[in-house]
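# What the coordinates show
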Amino acid sequence: MAYFSGLWAKNINALSWVKTNSTTASGQSGQIGFSSLWAYGITMAGLLLLLKWLEWRFVIIDHSIAIYIGLIALFFTFFGIWVAKQLLEVKTQTIVVEKEIYVPVTPEFVLNEIELKKLNLTSREWDVLQLITQGKSNTEIASDLYLSTSTIKTHVSNILSKLEVKSRAQVMEKAKRLKITP
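Rules and cut-offs
- Residues numbered from 1 in each chain as written.
- Predicted model: local features only at pLDDT ≥ 70, side-chain atom pairs only at ≥ 80, totals over all residues.
- Heavy atoms only, no water.
- Salt bridge = Lys/Arg side-chain N within 4 Å of Asp/Glu carboxyl O.
- Helix = DSSP H or I, 4+ residues; strand = E, 2+ residues; numbered from the N terminus.
- Buried < 20%, exposed > 50% of the residue type's maximum accessible area, 1.4 Å probe, protein only.
- Phe/Tyr/Trp six-rings, centres within 6.5 Å; stacked < 30°, edge-to-face > 60°.
- pLDDT = per-residue confidence, 0-100.
- Contact = heavy atoms within 4.5 Å.
- Axes fitted to C-alpha atoms, helices over the stretch in contact; angles between N-to-C directions.
- Parallel < 35°, antiparallel > 145°, perpendicular 65-115°, else oblique.

### A short note on the pattern of salt bridges
One pass over the full model with this rule turns up 4 salt bridges. Between Lys162 and Glu125 there is a salt bridge, with the nearest N and O atoms lying 2.8 Å from each other. A residue pair is termed long-range when its members are at least 10 positions apart, and Lys162 in helix 7 (residues 149-163) and Glu125 in helix 5 (residues 123-133) qualify at 37 residues. Lys162 gets classed as partly exposed once you look at its relative accessible area, which sits at 29%.

If you want it as structure tokens, here you go:
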């Protein structure tokens, strides 16, 4: 123990030697240069790093299985997060298809007078039928023709019975098929 305390004292004295610049018995300067002091410090730091590295190496060797299991767990955690992100990501793909469509030219609408006479529709019922095929509601038809809604309901009821259908959609289909509306 006395050796270490003496070594410590010498190191402290070495620092004081640098400051005092005393001469030895042989007459040479006793000053330790800063370069040797730096070399001493770097050597000590290198030895300390070597000891820490060896300590770390022994820790890794002693606990290598736990470290490997931890690394594998981290890998699978990040892999699982990546897979979940890929699965939950909305994948939209827009495909543009250009295709020529030939639309046949329909001839001018020709009113089928014969079928219209067979149905025996009044002129007001025919006006209401025209507006029904345009997709208008009873209130819209009433405002267009300046009639009350109840009058329009009566006309619609008469049209349904004369065309022998049960709904407005069937009225539109049959009127187009009989060519009494455009």
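### Looking at the packing of aromatic side chains
One pass over the structure, following the stated rule, counts 3 aromatic pairs. Here the aromatic rings of Phe75 and Phe76 are separated by 5.3 Å at their centres, their planes lie at 70°, and the arrangement is edge-to-face. Assessed through its relative accessible area of 53%, Phe76 is described here as exposed. With a centroid separation of 6.0 Å and 15° between ring planes, the pair formed by Phe75 and Phe79 is classed as stacked. With Phe75 and Phe79 both in helix 3 (residues 64-88) and 4 residues apart, this pair spans about one turn of that helix. Taking the relative accessible area as the measure of exposure, Phe75 reaches 52% and is therefore exposed. Accessibility expressed as a relative area gives 40% for Phe79, which makes it partly exposed. Here a set of aromatic residues connected by ring pairs shows up, and it is made of Phe75, Phe76, Phe79 and Trp82.

### Considerations on the confidence of the model for the protein
Low pLDDT marks regions whose predicted coordinates should not be analysed in detail. With 82% of its residues at a pLDDT of 70 or more, the protein has an overall mean of 80. Under a pLDDT of 50 for its full length, residues 1-9 has, in the predicted model, 0 contacts with residues more than four places off or in other chains. pLDDT under 50 marks residues 13-24. Its contacts with residues more than four places away, or in other chains, come to 18 contacts.

### Brief notes about the packing of helix 5 against helix 7
Their axes nearest at 10 Å, the elements helix 5 and helix 7 cross at an angle of 90°. Taken together, helix 5 and helix 7 sit at an angle that is classed as roughly perpendicular. For the pair helix 5 and helix 7, the contacting residues are Arg124, Glu125, Val128, Leu129 and Ile132 in the first and Ile152, His155, Val156, Asn158, Ile159, Lys162 and Leu163 in the second.

### Brief notes about the environment of Ala169
Examined against the element boundaries, Ala169 turns out to sit in helix 8 (residues 168-178). When its relative accessible area of 53% is taken as the criterion, Ala169 is described as exposed. When the C-alpha atoms of Ala169 and Thr133 are compared, they prove to be 8.5 Å apart, with 36 residues separating the residues in sequence.

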